[in-house]
Amino acid sequence: MSETMAPVDEAGIAQAVAEAHDAGEPLLVCGRGTKAAMLRPVQAARSLSARNLRGIPLHAPKELVLSARAGTPVAEIESALRGTGQHLIAEPPDLSALLDGDARGPQTLGGVVASNLSGPRRVAWGAMRDHVIGVRFVNGTGEVLRSGGRVLKH
């Protein structure tokens with residue numbers, strides 16, 4: 001497998017995915033790889049990391065809305081929420097001690113959402129993915145797509 005690429009923006013990720021698609025080469029997409037021990041090894045010609053795609057571009061505490069990029073460490077999100085008296089209701093557990101993730105750095109939002117890691121409140125309040133109401137992502141051909149939105153209406 002070739003060296004991991006770590007674009008810093010959405011356009012770089014879209015370009016890397018499109019290049020792998022056009023070359024017909026399998027592509028492993030990951031963040032920091034903190035959940036790699038949970039899965040079977042992936043055989044891919046290329047590897048793409050989203051770990052540099054980080055930040056919280058929107059946090060509207062009164063609307064209970066937060067938008068964060070896939071490579072944003074969960075601890076950074078929890079810190080921003082804590083400052084407004086909020087928390088991640090899905091309580092994603094940090095399994096780094098069990099999965100040797102400490103060596104890879106902090107877990108990211110993308111990995112938690114992709115693996116749907118949720119804590120004990122899952123039974124009463126729902127899993128991590130139940131609280132994701134909108135996503136912007138790059139599909140397998142390199143197109144940037146959007147699904148959902150920022151507001152949940154009852």
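Further up the page is the structure itself.
These notes cover the structure that comes with them. Computed from a predicted model, the values in this text were never measured in an experiment.

**Overview of the overall build of the protein**
- In terms of helices and strands, the protein carries five helices and seven strands.
- Counted from the first residue to the last, the protein has its helices and strands arranged as β-α-β-β-β-β-α-α-α-α-β-β.
- In summary, the protein has a C-alpha radius of gyration of 16 Å against a globular reference of 15 Å for 154 residues, a match within 12%.
- Expressed along its principal axes, the backbone C-alpha trace of the protein runs to roughly 45 × 35 × 25 Å.
- For the protein, buried positions account for 31% of its 154 residues.
- In the protein, once contacts between residues fewer than 6 apart in sequence are set aside, the share between residues at least 24 apart is 51%.

**Here's the deal with the nonpolar core**
- Residues Val74, Ile77, Leu81, Leu88, Ala90, Leu109, Val112, Leu117 and Met128 constitute the largest nonpolar core, which totals nine residues.
- The set of elements that each furnish at least two residues to this core consists of helix 2 (74–82) and helix 4 (109–115).
- Of all the elements, helix 2 adds the most residues to this core, at three residues.

**Notes on a nonpolar patch on the surface**
- A grouping of Val132, Val135, Phe137 and Leu145 is seen on the molecular surface, where their side chains present a nonpolar patch of about 260 Å² in accessible area.
- Within the secondary structure, Val135 sits in strand 6 (residues 134–138).
- The class for Val135 is partly exposed, based on a relative accessible area of 36%.

**What about the pattern of salt bridges?**
- On inspection of all chains with the given rule, the structure shows four salt bridges.
- A salt bridge links Arg46 to Glu25; the shortest N-O distance between them is 2.4 Å. Remark: Glu25 occurs in the loop between helix 1 (10–23) and strand 2 (27–30) and Arg46 occurs in strand 3 (residues 46–49); sequence separation between them is 21 residues.
- Judged by its relative accessible area of 17%, Arg46 is buried.
- Given the relative accessible area of 32%, Glu25 is considered partly exposed.
- One salt bridge connects Arg121 with Glu91, and the closest N-O pair in it is separated by 3.1 Å. Of this pair, Arg121 sits in the loop between helix 4 and helix 5 (122–125) while Glu91 sits in the loop between helix 2 and helix 3 (96–99); the two residues are 30 residues apart in sequence, bridging distant segments of the chain.
- The class of Arg121 is partly exposed, set by a relative accessible area of 35%.

What counts and how
- Residues numbered from 1 in each chain as written.
- Predicted model: local features only at pLDDT ≥ 70, side-chain atom pairs only at ≥ 80, totals over all residues.
- Heavy atoms only, no water.
- Helix = DSSP H or I, 4+ residues; strand = E, 2+ residues; numbered from the N terminus.
- Rg over C-alpha atoms; globule rule 2.2 N^0.38 Å.
- Buried < 20%, exposed > 50% of the residue type's maximum accessible area, 1.4 Å probe, protein only.
- Contact = heavy atoms within 4.5 Å.
- Core = buried A, V, L, I, M, F, W, Y, C linked by side-chain atoms within 4.5 Å.
- Patch = residues over 30% accessible without salt bridge, like charges linked within 9 Å, V, L, I, M, F, W, Y side chains within 5 Å.
- Areas by Shrake-Rupley, 256 points an atom, 1.4 Å probe, with all protein chains shown as cover.
- Salt bridge = Lys/Arg side-chain N within 4 Å of Asp/Glu carboxyl O.

Remember, this is a structural readout, not a statement about activity or role.
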